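Spelled out, the chains give:
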Amino acid sequence: MKRFKTGVVGLRFGQFLARTLAHLESAQLVALADRNPNIAEGLDTYAARYGARAYRSSEDMFANEALDAVVIATAPKARAPIIKQAAERGIAMFVEKPWATNPDHAAQLAELCQQHKATVMLGFSFRFHPAITRLKQLMSDELGQGWMLNGEYVFDFLPPAEGWFWDPENGNGMFNENSCHLFDAVCYLMGKPVSVMAAAAQFAGRPAEEAAAISLEFESGAIAALTVGGYGSNAHWDFPRIDITTEHGQARLRGRHHMWDSLSWAKRNEDTVRSFTQPAEILGTTRYTHAFAHFFERLRKGEQPCATIEDGMRSVAITDAVARSARSGKKIMLDLE
């Protein structure tokens, strides 16, 4: 089996992705890069732990390594030059969510990739967890098309007001940086969204809205109601969740600490609930293992991975619409052509 020579850029969050890559049969982790002085100081020792080489910049890494793939785990503001370097060299990219800061930035990054016909996958790990992929299969078969969905991704998470997370030119707040996981999972199940209506809350003194109640309408006529934000209790680990009514039945998707964990479902004329349980982190896997396995399998076949640039741009567009709707009190129509 071919092992794809892979590098990681950005080791603040990327350390979790590097740990996953190091245990994948399909990947060979050969290089790690980070220009942050606080991280760079111990980078040689950290890289040696995985038998990889350490670099203080992505430029040096690309210049000295013959990579098949790169994982880009920097904050959105820093990505453009890294994406350009990888695209020019024909290196496949796994880009951590969110795709970009705002719709204009999303389009600029997409154009960089399109110029070089780059292979890109977004790091929306939720949609690859076994419980949600099982639900997707059921909706393609016995359960049928989604009609109505209720979802929640609320937990104890309010980073300090200063820093990149809330910076409108970087992480751009709770909905863009974090809630995008749920946005992507919901669209993966329900299809193309056409409108957004939202109300948002800002009780904890952060620079932008910290939670929201959101209504989505889809091209198919389906509807969804979502609750997202950082007002949860640390004691409650049973998140995220989705309840969905379909053409032929009903299903409930349950999570545990950022991972889809279990699924129950029944057709409309049935009296017995069936269930499927498979935690995302089991037998040495992490919550990112299934996404990376998909990425490298598609590279092996020469195919475009699922979770595309278009999916990343759609999530950014929803985020932008949530903020505009909450501030204006109006429904926002989405133009995703």
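Higher on the page you've got the structure.
Below or above, wherever it landed, is the structure these notes cover.

Reading the values: rules and limits
Residues numbered from 1 in each chain as written. Predicted model: local features only at pLDDT ≥ 70, side-chain atom pairs only at ≥ 80, totals over all residues. Heavy atoms only, no water. Helix = DSSP H or I, 4+ residues; strand = E, 2+ residues; numbered from the N terminus. Rg over C-alpha atoms; globule rule 2.2 N^0.38 Å. Buried < 20%, exposed > 50% of the residue type's maximum accessible area, 1.4 Å probe, protein only. Contact = heavy atoms within 4.5 Å. Lys, Arg positive; Asp, Glu negative; His and termini not counted. Charge placed at Lys NZ, Arg CZ, Asp CG, Glu CD. Pairing = 2+ DSSP bridges. Axes fitted to C-alpha atoms, helices over the stretch in contact; angles between N-to-C directions. Phe/Tyr/Trp six-rings, centres within 6.5 Å; stacked < 30°, edge-to-face > 60°. Lys NZ or Arg CZ within 6 Å of the ring centre and 35° of its normal. Parallel < 35°, antiparallel > 145°, perpendicular 65-115°, else oblique. Left-handed = near helix turned anticlockwise from the far one by under 90°. Nonpolar A, V, L, I, M, F, W, Y, C, P; charged D, E, K, R; others polar. Salt bridge = Lys/Arg side-chain N within 4 Å of Asp/Glu carboxyl O. Core = buried A, V, L, I, M, F, W, Y, C linked by side-chain atoms within 4.5 Å.

Helices and strands together make up the secondary structure of the protein, namely 10 helices and 15 strands. For the protein, whose C-alpha radius of gyration is 20 Å, the value lies close to the compact-globule estimate of 20 Å for 337 residues. Across its three principal directions, the C-alpha atoms of the protein cover 60 × 45 × 40 Å. Per-residue burial for the protein yields a buried fraction of 53% across its 337 residues. Counted over contacts in the protein with a minimum sequence separation of 6, partners at least 24 positions apart contribute 62%. Each charge class in the protein can be summarised by its mean position, and for the 36 positive and 39 negative side chains these summaries are 3 Å apart.

Before going further, it helps to examine the sheet that holds strand S3 (residues 53–55). One open sheet accounts for six strands, arranged S3-S2-S1-S4-S5-S6; its pairing is parallel. Taken across any chain shown, the strands that pair with only one partner, and hence form the sheet edges, are S3 and strand S6 (120–122). When the angles between neighbouring strand axes are averaged without regard to direction, this sheet yields 25°. Two elements, strand S5 (residues 92–95) and S6, share three bridges in a ladder whose sense is parallel. Paired with Met 93 across the bridge in S6 is Val 120.

Take the packing of aromatic side chains next. How two aromatic rings sit relative to each other is set out by the distance from centre to centre and by the angle between their planes. Enumeration according to the criterion identifies 18 aromatic pairs in this entry. Relative to Phe 296, the ring of Phe 292 lies with its centre 6.3 Å away and its plane at 25°, an arrangement referred to as stacked. Of this pair, Phe 292 and Phe 296 both sit in helix H9 (residues 289–301), separated by four residues, roughly a single helical turn. We classify Phe 296 as buried; its relative accessible area is 0%. Above the face of the Phe 4 ring, Lys 2 is positioned so that its terminal group lies 5.1 Å from the ring centre.

Moving on, we get to the packing of helix H5 (residues 79–88) against helix H6 (residues 103–115). Following both chains from N to C, one finds H5 and H6 inclined at 10°, their axes separated by 9 Å at the closest point. When the axis of H5 is compared with that of H6, the two are roughly parallel. The interaxial crossing formed by H5 with H6 has right-handed handedness. Packed against H5, whose contacting residues are Ala 80, Ile 83, Lys 84 and Ala 87, the element H6 presents Leu 109, Leu 112 and Cys 113 at the interface. Of the residues that constitute the contact of H5 with H6, the class distribution is six nonpolar, no polar and one charged.

Turning to the pattern of salt bridges, a few remarks are in order. Applying the stated criterion across every chain yields a total of 25 salt bridges. Residue Glu 219 pairs with Lys 192 through a salt bridge whose shortest N-O separation is 4.0 Å. In this pair, Glu 219 is assigned in the loop between strand S9 (211–218) and strand S10 (223–229) and Lys 192 in the loop between helix H8 (173–190) and strand S8 (193–201), connecting sequence segments 27 residues apart. Given the relative accessible area of 57%, Glu 219 is considered exposed. Salt bridges linked by common partners bring Glu 152, Arg 241, Asp 243, Arg 252 and Arg 254 together as one network.

If you look at the biggest cluster of nonpolar residues, it comprises 60 residues, and the most contacted ones within it are Leu 32, Met 93, Trp 99 and Phe 296. Examining the composition of this core, we find that six residues originate from one element, strand S2 (residues 27–33), more than from any other. Among all residues touching Met 93, those that are not within four sequence positions of it are Val 70, Ile 72, Ile 83, Ala 86, Ala 87, Cys 113, Ala 118, Thr 119, Val 120, Met 121 and Phe 295. Residues Trp 166, Ala 251, Leu 263 and Val 322 belong to the second largest nonpolar core, which totals 46 residues.

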